[in-house]
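Single-letter residue listing:
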Amino acid sequence: MRSGKSKAGLIGLGTVGKSVVKLWPRADGIILKRIVDKDKKKNVSVRPDDILNDPEIDIVIELIGGLNDAYRYIKSAIEKGKNVVTANKALLALKGEELEKLALAKGVSLGYEASVCAGIPIIRGIREGLAANRIRSIYGIINGTANFILSAMEEEGIGFARALSQAQEQGFAEHNPTLDIDGFDSQHKLAILARLSFKTPVKLSDIYVEGIRRITRRDIIYARELGYSIKLLAIAKAEGKRLDARVHPTLISKDNLLSSVHGIYNACFVEGDACGKMVFYGQGAGGLPTASAILSDVKAIASKKMGTVPDFFVIKPIDELFTRYYVRFSAIDKPGVLARICDILGKHSISIVSVIQKERSGTRGVPIVMMTHKARESSMRKAISSIDRLNVVKEKSLFIRVEEVED
Ligand SMILES: NC(=O)c1ccc[n+]([C@@H]2O[C@H](COP(=O)([O-])OP(=O)(O)OC[C@H]3O[C@@H](n4cnc5c(N)ncnc54)[C@H](OP(=O)(O)O)[C@@H]3O)[C@@H](O)[C@H]2O)c1
């Protein structure tokens, strides 16, 4: 296929779709033949079949989002021998493997650079730039909304609810922010990154996910006193033949680069066995950054440059994680309470590095903050569950995993 002869069709003229049209003059002669959107007022076709059944169109760009229609259109395009470009992370996280296999069988390409970190060329960076490497680990701040909220809590000393409202007022969070703040958007993106990096089918359910709703202003302050920032991190690490893949709030040392990623920015550390560590950093959302990635896929397809190789890992369960923890308890201020908590931790082989006991805050108990030595996640969960059943404990305890990300 010569790039000058390719013809594209775009389904979905929303935020990203409009930016793709704006950026199209940079498409090196590839023709944008048709645009479809379900909104009649946009003065474009409303029938996806106008694109899917057009034999001249060899690249279909799906930018409608959601699952069912997007899946039908992408599958149908591939079955008809068309290349597809999409930014649809939710769909790719669920059906990426199936669609990629179908594309391979049909001899066409499925481009999804825009699905992870928008304009940051991390997919192409891993797929092509790091092709000679075995990827060892990925540590990413890959959701700008959650990072905006945690940054605002840290920089302005405000609580979660206020930081979320600020994000919504400034257009960085949806009216229903669940996907972003409960970690699912990061989980979707990590599923895509991990599948690509570790050449392993990664199901969404393989990735442990925990969001940032329970992080309080106090946790941010205590973490800072201990020398850490709290970030919503997406992590995938190869451990022998097992893959450790998870998304959760994480304590990161203040000295680490990821600690200084603020606001809506995204950053992702990738470590390859040959190239060592590198960091991808930039705007992970927005019309033009996302369109930049869409156009790069369109141009790459027109010059035929894609493909994957199978090589399998086994997923490591979160219960087997072995790491240090920050734990915040809220207990009544009485002699012997700390000893009871320590006793339960000790029975689960969890040893403590430091303890901070704070003044009583409001009507709740006294906050007790601990940093532990490395412990097994399953032991930590059992210990916390026993501690939370003590009548001296006033609030569900919170633990945050510490990640030693090497710069
Ligand atoms: N926005 C970003 O910063 C960003 C970044 C990375 C990835 N993405 C991904 O890019 C995709 C598009 O996002 P977006 O922000 O551009 O969404 P959007 O603004 O909601 O645009 C989607 C457009 O598609 C139309 N549409 C929906 N269902 C359709 C259907 N069945 N047939 C035809 N048209 C249909 C919508 O019409 P109505 O408005 O009438 O429903 C709307 O015009 C999503 O998968 C998203 O996850 C977005």
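Residues numbered from 1 in each chain as written. Predicted model: local features only at pLDDT ≥ 70, side-chain atom pairs only at ≥ 80, totals over all residues. Heavy atoms only, no water.

Caption draft 1: View of the sheet that holds strand 3 (residues 59-62). Ordered in space as 2-1-3-4-5, the five strands form an open sheet in which the pairing is parallel. Two strands close off the open sheet at either side, each with one partner strand: strand 2 (31-36) and strand 5 (110-111). Note that strand 3 and strand 4 (residues 83-86) share four bridges and pair parallel. Its bridge partner being in strand 4, Glu62 is matched across the sheet by Thr86. (Pairing = 2+ DSSP bridges. Helix = DSSP H or I, 4+ residues; strand = E, 2+ residues; numbered from the N terminus.)

Caption draft 2: Fine view of the site of the ligand. Taken together, 20 residues surround the ligand, and among them Val16, Asp37, Lys42, Asp69 and Gly286 come closest. Contact distances for the ligand include 2.8 Å between a nitrogen atom and a side-chain N or O atom of Asp69. Assessed atom by atom at 2 Å from the grid points, the ligand resides in the largest pocket. Looking at side-chain class alone, the shell around the ligand contains eight nonpolar, seven polar and five charged residues. (Near = heavy atom within 4 Å. Polar contact = N/O pair within 3.5 Å; in protein donor to acceptor, adjacent residues only side chain to side chain. 1 Å grid on protein atoms, 1.4 Å probe; cavity = no way out; pocket = protein on both sides within 12 Å on 5 of 7 lines; lining within 4 Å. Sits in = over half its atoms within 2 Å of the grid points. Nonpolar A, V, L, I, M, F, W, Y, C, P; charged D, E, K, R; others polar.)

Caption draft 3: Highlighting the nonpolar core. Core analysis: the largest hydrophobic core is formed by 81 residues, its most contacted members being Ile122, Ile149, Ile212, Ile215 and Leu251. With seven residues, the top contributor of residues to this core is helix 9 (residues 184-198). The residues contacting Leu251, other than those within four sequence positions of it, are Ala223, Tyr228, Ser229, Ile230, Tyr326, Met371, Ile400, Arg401, Val402 and Glu403. With 23 residues, the next largest nonpolar core counts Leu321, Met370, Met380 and Val393 among its residues. (Core = buried A, V, L, I, M, F, W, Y, C linked by side-chain atoms within 4.5 Å. Buried < 20%, exposed > 50% of the residue type's maximum accessible area, 1.4 Å probe, protein only. Contact = heavy atoms within 4.5 Å.)

Caption draft 4: Quick look at the pairing of strand 8 (residues 228-239). In terms of burial, strand 8 is largely enclosed, as ten of its twelve residues are buried. Here strand 6 (residues 135-141) pairs with strand 8 via four bridges, running antiparallel. Paired with Ser137 across the bridge in strand 8 is Lys237. Inspection of the sheet shows strand 8 paired to strand 9 (residues 242-253) by twelve bridges, in the antiparallel sense. Bridge pairing in strand 9 links Ala236 to Ala245. With antiparallel pairing between neighbouring strands as the criterion, strand 8 and strand 9 make up a hairpin whose turn holds two residues, including Gly240 at a positive phi of roughly 60°.

Caption draft 5: Examining the pairing of strand 11 (residues 276-283) more closely. Bridge count between strand 10 (residues 265-272) and strand 11: eight bridges; the pairing is antiparallel. In the sheet register, Tyr265 faces strand 11, and the bridge partner there is Gln283. Linking strand 10 back to strand 11 in an antiparallel pair, the connection comprises three residues.

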